[in-house]
Amino acid sequence: MINRRHFLEHAGGLASLSAASLSFGQNIVENSSELRKNEKAAILIWLGGGPPTIDMWDVKFGSPTGGPTRPASTAGDFQINELMPKLGQLGNDFSIIRTMTTREADHSRGSYYMHTGFKPNPNMVHPSMGSVISYELSQSRDYLEIPPFFSINTGSLGGGFLGAAWNPFVINSNGTVRNLGDSVARERMSALAAIEQNFVKKTNDQMAKDHLNMLKKTFLLNTSPQMKALKPTGEPQGVIDAYGETGFGKGALMARRLIQQGVPFVELGFGGWDLHRNTHETLSTKLPELDTVVSTLIKDLKRLDMWDNVAIVMMGEFGRTPRINENAGRDHWARVWSAFVSGGLIKGGQAIGSTTLDGTKVEDGEPYSAEDVMATVCSSLGISTEINYTSKNGRPIKIANNGKIIKELL
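Cut-offs used in this document
- Residues numbered from 1 in each chain as written.
- Predicted model: local features only at pLDDT ≥ 70, side-chain atom pairs only at ≥ 80, totals over all residues.
- Heavy atoms only, no water.
- Helix = DSSP H or I, 4+ residues; strand = E, 2+ residues; numbered from the N terminus.
- Buried < 20%, exposed > 50% of the residue type's maximum accessible area, 1.4 Å probe, protein only.
- Contact = heavy atoms within 4.5 Å.
- Areas by Shrake-Rupley, 256 points an atom, 1.4 Å probe, with all protein chains shown as cover.
- Pairing = 2+ DSSP bridges.
- Salt bridge = Lys/Arg side-chain N within 4 Å of Asp/Glu carboxyl O.
- Phe/Tyr/Trp six-rings, centres within 6.5 Å; stacked < 30°, edge-to-face > 60°.
- Lys NZ or Arg CZ within 6 Å of the ring centre and 35° of its normal.
- Axes fitted to C-alpha atoms, helices over the stretch in contact; angles between N-to-C directions.
- Parallel < 35°, antiparallel > 145°, perpendicular 65-115°, else oblique.
- Left-handed = near helix turned anticlockwise from the far one by under 90°.
- Nonpolar A, V, L, I, M, F, W, Y, C, P; charged D, E, K, R; others polar.
- Expected span 1.5 Å × (residues − 1).
- Bend = angle between axes of the 7 residues up to and from the residue.
- Core = buried A, V, L, I, M, F, W, Y, C linked by side-chain atoms within 4.5 Å.
- pLDDT = per-residue confidence, 0-100.

Peer 1: Pulling in residues and values, what's your account of the overall build of the protein?
Peer 2: Within the protein, the regular secondary structure consists of 12 helices and 16 strands. By the burial criterion, 55% of the 410 residues in the protein qualify as buried. Taking as baseline every contact in the protein between residues at least 6 positions apart, the subset at least 24 positions apart corresponds to 75%. When the accessible surface of the protein is summed, it comes to about 17,000 Å², and 49% of that surface belongs to carbon and sulfur atoms.

Right, dumping it as structure tokens:
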């Protein structure tokens, strides 16, 4: 990942950015609002820890595995947990993939798989969905002066063999990027500039070139008006209040402001889902927050005429067991679970597939995987899933690991 320390430790080669070039960049930004309005983007809401989707999107009330969770009808053709009434009213604006079937029930491996579409491989690091999408969509966005991939409140995964330039810029929901603009940082940048540029000239090393490009972008973090996206400057107070004062709410508003500036991919973390204990008690507070924030994001995107160009995915690394354990919790379960998909680029109002009454296996419909979700999102954004990348060892790698597009969603 890219973070403040990473930038400052390697911040050479920035002296070549003149005041004139920065001024030119600002002119581009100020004149590109109409262009950005029509740019496509994706938001991944990452529910780290493995959310109990059997209690959220595929409720089994009355079944021995269902627990106390009750379902409620939505405006779409499906039911969800009654603790999410605001989303229920927007049921036509999202769909639920109820037949997610994966095999990685370990947090680290499952996170890698769901972010990349590939199982972990000691011989290769694959690019994440965010890196692939930002790589593909930012090529035509010359006006973009800030990183094309932001990760808010979560670390995410990076560019893998695509290179460090496509790692996420990680930031907290308070929007503060410390130390990048102070005098000490600038002195360090100037002192290292000659060394960095000389190294690039002598070695022609691709990693060094990626570093230099990243660092030039980083310098713009101090000067570009696009960085105003990290603060709710100019937002109506009613909008700020609607998102709320939680880290998740502030992060969702920041995500919307970033894609409004032309950032093609934002990942937003909402953690705390590793619920081995007291699952339903915890959901009584977490689900209302999720309900408020995500429904506000949907309404806000529509208010700003951004809805038609956005794809949203909300998921974690796996689901949780149908069986409730002795601690009133649920354990790791990758065999069958649900993912939430939304945005104007995705067809809403439907549940894709169904599971058995006890939630232990797929009953009707096709099982879907991480690569299928990634392929569907890429396709919705106009990115061909037939594109092949070349890994560092010369091996051709297809986008989304040759996943199949979930046709009902497009």
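Peer 1: So what's going on with the sheet that holds strand E4 (residues 94-100)? Residues and values would help.
Peer 2: The pairing of strands in a sheet happens through backbone hydrogen bonds and is either parallel or antiparallel. Reading across from one edge, E6-E5-E7-E1-E8-E11-E4-E12 is the order of the 8 strands in this open sheet, with mixed pairing throughout. Lying at the two open borders of the sheet, with one neighbouring strand each, are strand E6 (169-171) and strand E12 (351-352). With 3 bridges connecting them, strand E5 (residues 149-152) and E6 associate as parallel partners. Each residue of the ladder has a partner; that of isoleucine 152, found in E6, is isoleucine 171.

Peer 1: Describe the pattern of salt bridges, with residues and values.
Peer 2: For the coordinates displayed, the defined rule picks out 16 salt bridges. In this structure, arginine 98 engages aspartate 58 in a salt bridge whose closest nitrogen and oxygen atoms are separated by 3.7 Å. Of the two residues, arginine 98 is situated in strand E4 and aspartate 58 in the loop between strand E1 (41-46) and strand E2 (71-73); the sequence distance between them amounts to 40 residues. Both residues of the pair, arginine 98 and aspartate 58, count as buried. A salt bridge links arginine 257 to glutamate 235, with the shortest nitrogen-to-oxygen separation between them at 2.7 Å. Of the two residues, arginine 257 sits in helix H10 (residues 247-260) while glutamate 235 sits in the loop between helix H8 (206-220) and helix H9 (237-243), which places them 22 residues apart along the sequence. The exposure classification of arginine 257 matches that of glutamate 235, with both residues buried. One continuous salt-bridge network, built from bridges that share partners, spans Glu235, Arg256, Arg257, Asp300 and Arg303.

Peer 1: So, the packing of aromatic side chains: which residues are in play, and what are the values?
Peer 2: One pass over the structure, following the stated rule, counts 10 aromatic pairs. Between tyrosine 135 and tyrosine 389, the ring centres sit 5.7 Å apart and the planes meet at 90 degrees, which makes this aromatic pair edge-to-face. Here the residue tyrosine 135 occupies a position in helix H6 (residues 129-137), and tyrosine 389 occupies one in strand E15 (residues 388-390), the gap between them amounting to 254 residues. Look at tyrosine 135 and you get partly exposed, because its relative accessible area is 27%. Using a relative accessible area of 8% as the deciding quantity, one classes tyrosine 389 as buried. Taken together, the aromatic side chains of Trp57, Phe78, Phe94 and Phe340 make up a single cluster linked through ring pairs. A cation over a ring is seen here: lysine 286 above tryptophan 273, with NZ or CZ 4.7 Å from the ring centre. Between the NZ or CZ atom of lysine 302 and the centre of the ring of tryptophan 307, over which it lies, the distance is 5.2 Å.

Peer 1: Let's hear about the packing of H10 against helix H11 (residues 279-303): which residues, and what values?
Peer 2: Where H10 meets H11, the axes come as close as 10 Å, and the angle between the chain directions of the two elements is 20 degrees. As summarised for this structure, H10 and H11 are arranged roughly parallel, according to the angle between their axes. At the point where H10 passes H11, the crossing takes the right-handed sense. Where H10 abuts H11, its residues Phe248, Gly249, Ala252, Leu253, Arg256 and Ile259 lie against Glu289, Leu290, Val293, Val294, Leu297, Asp300, Leu301 and Arg303. Classifying every residue of the contact of H10 with H11 gives 9 nonpolar, 1 polar and 4 charged.

Peer 1: Would you mind going over the packing of helix H5 (residues 107-116) against helix H12 (residues 370-380) in detail, with residue names and values included?
Peer 2: For the pair H5 and H12, the least separation of the axes is 7 Å and the interaxial angle reads 30 degrees. In terms of orientation, H5 lies roughly parallel with respect to H12. Taken together, the residues of H12 that come into contact with H5 (itself represented by Tyr113, Met114, His115 and Thr116) are Ala370, Glu371 and Met374.

Peer 1: So what's going on with H6? Which residues, and what values?
Peer 2: Counting buried positions along H6 gives 7 out of 9 residues, so the element sits mostly inside the fold. Those residues of H6 that fall on the buried side of the exposure criterion are Met129, Gly130, Ser131, Val132, Ile133, Ser134 and Leu137.

Peer 1: Before we move on, can you summarise H11 with the specific residues and values?
Peer 2: Helix length check: H11, at 25 residues, gives a terminal C-alpha distance of 35 Å against a target of 36 Å (1.5 Å per residue), a fit within 8%. The largest bend along H11 reaches roughly 35 degrees and is located at threonine 285, with the proline proline 288 sitting one to four residues downstream. Two residues or fewer past H11, aspartate 305 is found with a positive phi of approximately 60 degrees.

Peer 1: How would you explain the nonpolar core if you had to name every residue and give the values?
Peer 2: In this structure, Trp57, Leu258 and Leu290 are the most contacted members of the largest nonpolar core, which totals 53 residues. Among the elements that line this core, the one with the most residues is H11, at 8 residues. Setting aside residues no more than four positions away along its own chain, leucine 258 makes contact with Ile146, Phe150, Ile152, Ala229, Leu230, Val263 and Val266. Within the second largest apolar cluster, 44 residues are counted, among which are Ala42, Phe118, Leu345 and Val377.

Peer 1: Describe the pairing of E5, and please don't skip the residues or the numbers.
Peer 2: Burial along E5 is two-sided: the residues Phe149 and Ser151 and Phe150 and Ile152 are all buried. Two strands pair when backbone bridges link them, and E5 and strand E7 (residues 265-269) are joined in this way by 4 bridges, in the parallel orientation. Directly across from isoleucine 152, in E7, lies its bridge partner leucine 268.

Peer 1: Describe in detail the confidence of the model for the protein, supporting the description with residues and values.
Peer 2: Here the protein averages 86 in pLDDT, and 80% of its residues register 70 or above. Confidence drops under pLDDT 50 across residues 2-35; counting only partners more than four residues distant or on other chains, this segment forms 70 contacts.

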